[in-house]
Every structure is written in structure tokens, then in C-alpha cells.
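Overview (structure and organization)
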Amino acid sequence: YVNFLEMYDMNFIEELSKEDNFVIYSFNYTNLYRFCHTSGIDIDSSKIRYVHGTLKENNMILGTKCNPLIKGDYIICQKPFQVNYQGTSLRDDIENAEIVYIFGHSLGSNDKDYFDDFFNSIIDNIRSGKLSKLYIYTCDDDSEIAIKATLQNVYGINLTKLIGFTQFKIIKTFSGEVVI
């Protein structure tokens, strides 16, 4: 399991923490491990990876994706040019995951570099007939439409194929549904 967190939902994390094999990639700067323990959730801190660093470690990465048009004094505005920037095993974890949960992440173009390979592999799995499981948690109907538009317009995903040939589901948190 691979899970991407932008915001935290303790009920979801508690259910996920009961699984044997999972990794959480947090795009948030706050300490998820501390939130879990404050909420009474026992989670192994090595299962949490912070893509953009954390406040606690004073290694936050702020900025935009790579863009060759950004030059001169503004080049530092790109994430990889910041001294704290380091890679993660995100790509390998995604490619080897049986199930991917995306919770509270817009999948917007600023983080496109992180998700391009993932969505390309989803497309490859559709073409090869492999079954992929992708669950995206969002809050309501409007955000579901926005995510579908991003998948189509930013990542070039054919939604008809994604929905028809994979175990793809958008779960709206305001409905109270939890899928693990």
C-alpha cells in the first residue's frame, strides 16, 4: 500500500496502520507521527516519509516544479535547487504497490513531477490488462470533478478507460465512507 497525504484523517490512518505492508508519503510539513500518537494510533515512524520535509526537522522544501524558463536569482524557487531537497523511494514504492490511496491531495500541476510516472504506469496497466487499484479521497462532488479534470487535463488520463479497466474509486469524505 502507498498512501499520499496532504491533510490528515485520523480514522483513515488508524485503519491503514492495522495493515502489515504500507508506506505513507506526506506532502504536508507537520509531524504526522506526533498527530498519530496524540490520537492514540500506534504507527511505526519509519512508515512515514515526508516529501517536502518537516517543520520539526527544519528541512522544509517550498517552491515550484522544475521549469527551465526560471533562471537567475529565481532558480532557487524550484524544489530541486533547494539545499534540503532529497529524493525518496516514491517511484519504486508506487510501482510495487498493490493499492494506492491518495488522500486530500489535489494532484495539481505543481506536484506533477511526483505523479507522472505513477499515472503513466496506470495507463500501461490499462493497456496490458493488469488490474490497478487506486482510491482517491476527497471531500465532495465539486472536488471530485476537479480531480477528474486534473487527471484528464494535466496527466492526459482517459477517464473512461481508468474507470472501466481499473479498480478506481473516488471516495468523498463528507459521506463518511472509508475504504481500506
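Predicted, not measured: the structure shown is a model, and the values here were computed from it.

Moving on to the side chain of Thr150. Of note, Thr150 is situated in helix α5 (residues 141-153). The buried category is assigned to Thr150, whose relative accessible area is 16%.

To continue, consider the side chain of Thr54. Within the element layout of this structure, Thr54 appears in the loop between β3 (48-50) and α3 (90-96). Thr54 sits in the buried class, given a relative accessible area of 6%. With residues up to four places along the chain from it excluded, the contact list for Thr54 reads Tyr29, Asn59 and Met60.

Moving on: the environment of Val23. Relative to the helices and strands, Val23 resides in strand β2 (residues 23-26). Val23 sits 26 residues away from Arg49 along the chain, and the two C-alpha atoms are 7.5 Å apart.

Judged by how many residues are buried, strand β5 (residues 133-138) sits mostly within the fold: 5 of 6 residues are covered. Two strands pair when backbone bridges link them, and β5 and strand β6 (residues 167-172) are joined in this way by 6 bridges, in the parallel orientation. Among the inter-strand pairings, Lys133 is bridged to a residue of β6, identified as Gln167.

Mean pLDDT for the chain: 80, with 89% of residues reaching 70 or above. Across the chain, α5 holds the top mean pLDDT of 93, while strand β1 (residues 2-5) sits lowest at 51.

This part covers the nonpolar core. Within the largest apolar cluster, 26 residues are counted, with the highest numbers of intra-cluster contacts made by Leu107, Phe119, Ile136 and Leu151. Every element with two or more residues in this core is listed here: β2, α3, β4 (99-103), α4 (112-128), β5, α5, α6 (159-165) and β6. Contacts of Ile136, omitting those with residues within four sequence positions, involve Ile102, Leu107, Ile147, Leu151, Phe168, Lys169, Ile170 and Ile171. Counting residues in each nonpolar core, the second largest holds 16 residues, with Cys36, Ile43, Tyr101 and Ile171 among its members.

Enumeration according to the criterion identifies 7 aromatic pairs in this entry. Between the aromatic rings of Tyr101 and Tyr137, the centroid separation amounts to 6.5 Å while the plane-to-plane angle is 50°, which identifies the pairing as tilted. Of the two residues, Tyr101 is situated in strand β4 and Tyr137 in strand β5; the sequence distance between them amounts to 36 residues. Neither Tyr101 nor Tyr137 differs from the other in exposure class; each is buried. Between Arg34 and the ring centre of Phe35, over which it is positioned, the NZ or CZ distance is 5.3 Å. It is Lys47 that lies over the ring of Phe22; its NZ or CZ is 5.3 Å from the centre.

Reading guide: rules and limits
Residues numbered from 1 in each chain as written. Predicted model: local features only at pLDDT ≥ 70, side-chain atom pairs only at ≥ 80, totals over all residues. Heavy atoms only, no water. Helix = DSSP H or I, 4+ residues; strand = E, 2+ residues; numbered from the N terminus. Buried < 20%, exposed > 50% of the residue type's maximum accessible area, 1.4 Å probe, protein only. Contact = heavy atoms within 4.5 Å. Pairing = 2+ DSSP bridges. pLDDT = per-residue confidence, 0-100. Core = buried A, V, L, I, M, F, W, Y, C linked by side-chain atoms within 4.5 Å. Phe/Tyr/Trp six-rings, centres within 6.5 Å; stacked < 30°, edge-to-face > 60°. Lys NZ or Arg CZ within 6 Å of the ring centre and 35° of its normal.

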